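# Structural overview for review
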Amino acid sequence: MTQPVHADVETGAPLPEEPPPQVRLTPRQWMEQNLFGTWYDTVLTVVFGIGIGVVVFFGLRFILVTARWEIIRVGLTSLMVGLFPRPELWRVWVALFVIVLSIGFAVGGARRMVLAEEEDEAGSEAEGLGLRPRVDLWDLWRRLWPVLTFLAVILGFSESLQTALWLVLLLVGTYATYYIGSRLPRSAARYWLLAGLVGMVGAFGIVIWFGGVGWDQWGGLMLTLFLAVAAILLSFPLGVGAALGRRSSLPGISLVSVAYIELIRGVPLITLLLTGQLMLGLFFPRDVVPGLVVRSIIMLTLFTGAYVAEIVRGGLQGVPQGQYEAAQALGLSPTQMTRRIVLPQALRNVIPAMVGQFISLFKDTSLVSVIALTDLLRVARFQLPAQGDFAGQGLFAETMLFAGFVYWVFAYTMSRESQRLERRLGVGER
Amino acid sequence: MSDTSTRDLTSSASQAGGTGAPMITMEDVDKYFGDFQALKDIDLVVGKQEVVVVIGPSGSGKSTMIRCINRLEKHDQGRIVVDGVEMSDDLRNIQEIRREVGMVFQSFNLFPHLTVLENVTLAPRQVRRWPKAKCEEVAMETLERVRIPEQAPKYPAQLSGGQQQRVAIARALAMQPKVMLFDEPTSALDPEMIKEVLDAMEELAESGMTMIVVTHEMGFARAVADRVVFMSDGQIVEVGTPEHFFTNPEEDRTKLFLSQIL
């Protein structure tokens, strides 16, 4: 067989490499190959096909036909905010707007900074509105479809046109701020994180200050999110501190760190929460005992912090010795070395494990339903099905399905965003 | 017999090479790893602007010796003096020495989460505390010196091995040290990239930097070194100029080693 020619016959210049030929299967061919290839493939396909079919059939039948979704329709506000005083509900709406708009702005600003990095690498100087790629709607959909589906479901269950209008306005407003944020000049977009944080604090203040409603009266999804966010934000520095403390050469610090980590890790979260409810108050002077919400946050934080510490410890062990040596050889102090060289690498490598821990934490907040805090689960499991017309009818499937869906939306979004972050930071690549 | 002749040679080491007061003095240095003695009676004086190349079989203590100079290893006995500052256990003293001693590693050890420019500007900014503009200016100068200024916005993973090592050299140079230590800088490189790194090191030597280089590149030693130091089993066996060393070695161990590698 003659050698294939890889040069242009006229000029003798080498031809560009062709990609390997791609085999494209028709759907039928694909099914034949993958589902019915061998006899046991066929058997498995039939068995699982029937199984899946049954589950889907009964599931859809329940969701679309048998379920009594009025309970969700009636109890939607309770599921969202628990026993929050209804006359003050406007605060929640305003706060929601502020938070979501500032998050939209922050995400847009962050995207602008990512694009700025790519501009730097390409060496281009374009800063004006000219060369920016269009904000990709399809990309946003792929990124946010769980959240958007969630909003659609809420819309479907909302009783008033007003709610529907507000939600639509929320959506449009968020996209608008995202758009603006991603179009800002670099000098402004740099403060995206600050903007996001200011927005969160502002929203928080709107609900609490100026004769507002303290968090001991919050409930439903609002309380769940508050507990989760607070515990995540507080447990992160605690965990990092404990991990570093464990490695400290000062015996006092390392002893305290090890004791904290090993004691807390040996105890189930539910017992910690019960301790928070029943015993923690004894540690405070009589007048300053914090409310149950704060005590729960303390316990959630202590619990998660210990696990974060071990995750970070693993990450620290993964930083090569050469990095320490190079930093020391340059004259960096131990603090500078930890802060600028070791920790950034350690934390980058453990993002999957850490976010996994935070997702667990978010779902574990449901345990506060056992200590009489009216979180999303408590409303769904105990309150709604016992209320008014629905009492005694055992409509747990509907409420639990709904609650499960809500937990899934947030957990899945966190998971996806963390994978995005990993890709951006080159985890596992550089 | 070997003991006295070694001492004679190393005392000639204290006089040979360099200009003016010595830059580095190692006196009677011993180092143990547990029971194993890695360095025995090390006596070495390196003068200003002198280029000393250290060669020897693996396990001879070459890397350990230069790592003692910037305290990446702690010597157990003896004195080490760098530019008039005697090394002690005090962290501030050690950091003072490390500021003036730059080091280039076999495995580059660039910081992967920072761009090339950030890698080079980090230490001047944090340790010398220069303003950001000056750091970047100095960084770009050193990158130009090693001939890769255009790589500044990239991440180390995007560079070839030779480029990464040159960034490592630039990173050490940006601190404007008085001494540069090289620990087998080309041993981890593909052959076609060794030349570009050796060229950068040669240019550095010609510009008057005091250098101690641990290497297996005999061509470099012959061309660039002021003195060659041969180590074996933790001891300095022979010291001499490249001409003396490669054409007329005195010690048997030296002759054996050279016969194996040349």
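Residues numbered from 1 in each chain as written. Chains lettered and ligands numbered in written order. Predicted model: local features only at pLDDT ≥ 70, side-chain atom pairs only at ≥ 80, totals over all residues. Heavy atoms only, no water.

### What about the interface of chain A and chain B?
Keep this limit in mind: The contact criterion used is simple: two residues touch if any of their non-hydrogen atoms lie within 4.5 Å. Summed over both partners, buried area is the accessible surface (1.4 Å probe) that two parts give up on being assembled. Any carboxyl oxygen of Asp or Glu within 4 Å of a side-chain nitrogen of Lys or Arg constitutes a salt bridge here. Polar contact is the term for a pair of N or O atoms within 3.5 Å; when the atoms are in protein, one must be able to donate a hydrogen and the other to accept it, and sequence-neighboring residues count only if both atoms are side-chain atoms. Each helix corresponds to a stretch of at least 4 residues labelled H or I by DSSP, and each strand to a stretch of at least 2 residues labelled E; elements are numbered beginning at the N terminus. In this classification, the charged set is Asp, Glu, Lys and Arg, the nonpolar set is Ala, Val, Leu, Ile, Met, Phe, Trp, Tyr, Cys and Pro, and all remaining amino acids, among them Gly, are polar.
Every contact between the two is made by 22 residues of chain A and, on the other side, 26 residues of chain B. Taken over both partners, the interface formed by chain A and chain B buries close to 2,200 Å², and the fraction arising from carbon and sulfur atoms is 60%. Seen at the junction of chain A and chain B, the total is one salt bridge. Inspection of the chain A/chain B interface yields six residue pairs in polar contact (both at pLDDT 80 or more). Those elements that provide at least two residues to the side of chain A that touches chain B are helix H4 (89–122), helix H13 (321–329) and helix H14 (334–349) of chain A. Its residues assigned to classes, the side of chain A that touches chain B comprises eight nonpolar, seven polar and seven charged.

### With respect to the domain arrangement of chain A
Residue and element names in this part refer to chain A. Short version of the rule: In this entry, domain limits derive from an automatic or database-based domain assignment.
As assigned here, chain A comprises domain 1 (32–66), domain 2 (85–212) and domain 3 (218–404). Once you take the C-alpha centre of each, domain 2 and domain 3 turn out to be 26 Å apart. The interface of domain 2 with domain 3 comprises eight residues on the first partner and five residues on the second. Summing both sides of the interface, domain 2 and domain 3 together bury roughly 470 Å²; the carbon and sulfur share of this comes to 98%. Here domain 2 is connected to domain 3 by zero salt bridges. The interface formed by domain 2 and domain 3 contains zero residue pairs in polar contact (both at pLDDT 80 or more). Listed by contribution, the elements that provide at least two residues to the side of domain 2 that touches domain 3 are helix H5 (137–157) and helix H8 (192–208).

### Describing helix H3 (residues 70–81) of chain A
Because each turn of an α-helix spans 3.6 residues, side chains separated by three or four positions end up pointing in the same direction. Condition: Burial classes follow relative accessibility: with a 1.4 Å probe on protein chains only, a residue under 20% of its type's maximum area counts as buried, one over 50% as exposed, and anything between as partly exposed.
Buried residues of H3 of chain A: Ile-71, Ile-72, Gly-75, Leu-76, Ser-78, Leu-79, Met-80 and Val-81 of chain A, and no others. One or two positions beyond H3 of chain A, positive phi appears at Gly-82 of chain A, with a value near 65°.

### Side note on the sheet that holds strand S7 (residues 179–183) of chain B
Residue and element names in this part refer to chain B. What counts, and what does not: When DSSP finds two or more bridges between two strands, those strands count as paired. All axes here are fitted lines through C-alpha atoms, helices being fitted over the stretch that makes contact, and every angle between N-to-C directions spans 0 to 180 degrees.
Spatially, the six strands line up as an open sheet ordered S6-S7-S8-S3-S9-S10, and their pairing is mixed. Only two strands of the sheet have a single neighbouring strand rather than two, namely strand S6 (101–104) and strand S10 (235–240). Strand-to-strand twist of the sheet, defined as the mean angle between neighbouring strand axes without regard to direction, takes the value 20°. Alignment of S7 against strand S8 (residues 210–214), held across five bridges, turns out to be parallel.

### Looking at a nonpolar patch on the surface
Residue and element names in this part refer to chain A. Our working definition: Only residues whose relative accessible area exceeds 30% and that form no salt bridge are eligible for patches; like-charged ones are grouped when within 9 Å, while nonpolar side chains (Val, Leu, Ile, Met, Phe, Trp, Tyr) are grouped when within 5 Å. Accessible surface area values rest on a Shrake-Rupley calculation with a 1.4 Å probe, where residue burial reflects the displayed protein chains alone.
A surface patch of nonpolar side chains, amounting to about 870 Å² of accessible area, comprises Leu-44, Phe-48, Ile-52, Val-56, Leu-60, Ile-63, Leu-64, Val-65 and Leu-401. For the nonpolar patch, the element with the highest residue contribution is helix H2 (residues 39–66), accounting for eight residues. As for its position among the elements, Ile-52 is in helix H2.

### Describing the packing of aromatic side chains
The following threshold applies: Whether two aromatic rings pair depends on their centres lying within 6.5 Å, for rings of Phe, Tyr and Trp, where Trp uses its six-membered ring; planes under 30 degrees apart make the pair stacked, over 60 edge-to-face, and the rest tilted. Over a ring means this: the NZ of a Lys or the CZ of an Arg is within 6 Å of the ring centre and within 35 degrees of the ring normal.
This model, assessed by the stated rule, comprises 24 aromatic pairs over all chains. Judged by centre distance (5.9 Å) and plane angle (45°), the rings of Trp-145 of chain A and Trp-408 of chain A are tilted. Residue Trp-145 of chain A is found in helix H5, and its partner Trp-408 of chain A is found in helix H17 (residues 396–425); the two are separated by 263 residues along the sequence. Taken together, the ring pairs in this structure connect Trp-145, Phe-150, Phe-362, Phe-405, Tyr-407, Trp-408, Phe-410 and Tyr-412 of chain A into an aromatic cluster. When the ring centre of Tyr-179 of chain A is taken as reference, the NZ or CZ atom of Arg-183 of chain A above it lies at 4.5 Å. Its guanidinium or amino end placed over the ring of Phe-246 of chain B, Arg-222 of chain B lies 4.8 Å from that ring's centre, counting from NZ or CZ.

### Here's the deal with the pairing of strand S3 (residues 51–55) of chain B
For a regular strand, side-chain orientation follows a simple rule: the groups alternate between the two sheet faces. Residue and element names in this part refer to chain B. By the criterion of burial, S3 is predominantly enclosed, with five of the five residues buried. Of the two faces of S3, the one holding Val-51, Val-53 and Ile-55 and the one holding Val-52 and Val-54 are both buried throughout. Alignment of S3 against S8, held across four bridges, turns out to be parallel. Bridge pairing in S8 places Val-51 opposite Met-211. Sheet analysis places S3 next to strand S9 (residues 227–232), joined by four bridges and oriented parallel.

### A closer look at the environment of Leu-155 of chain A
Residue and element names in this part refer to chain A. The topology assignment puts Leu-155 in helix H5. Overall, Leu-155 belongs to the partly exposed group, its relative accessible area being 32%. Beyond its immediate chain neighbours, meaning those up to four positions away, Leu-155 contacts Ala-164 and Leu-167.

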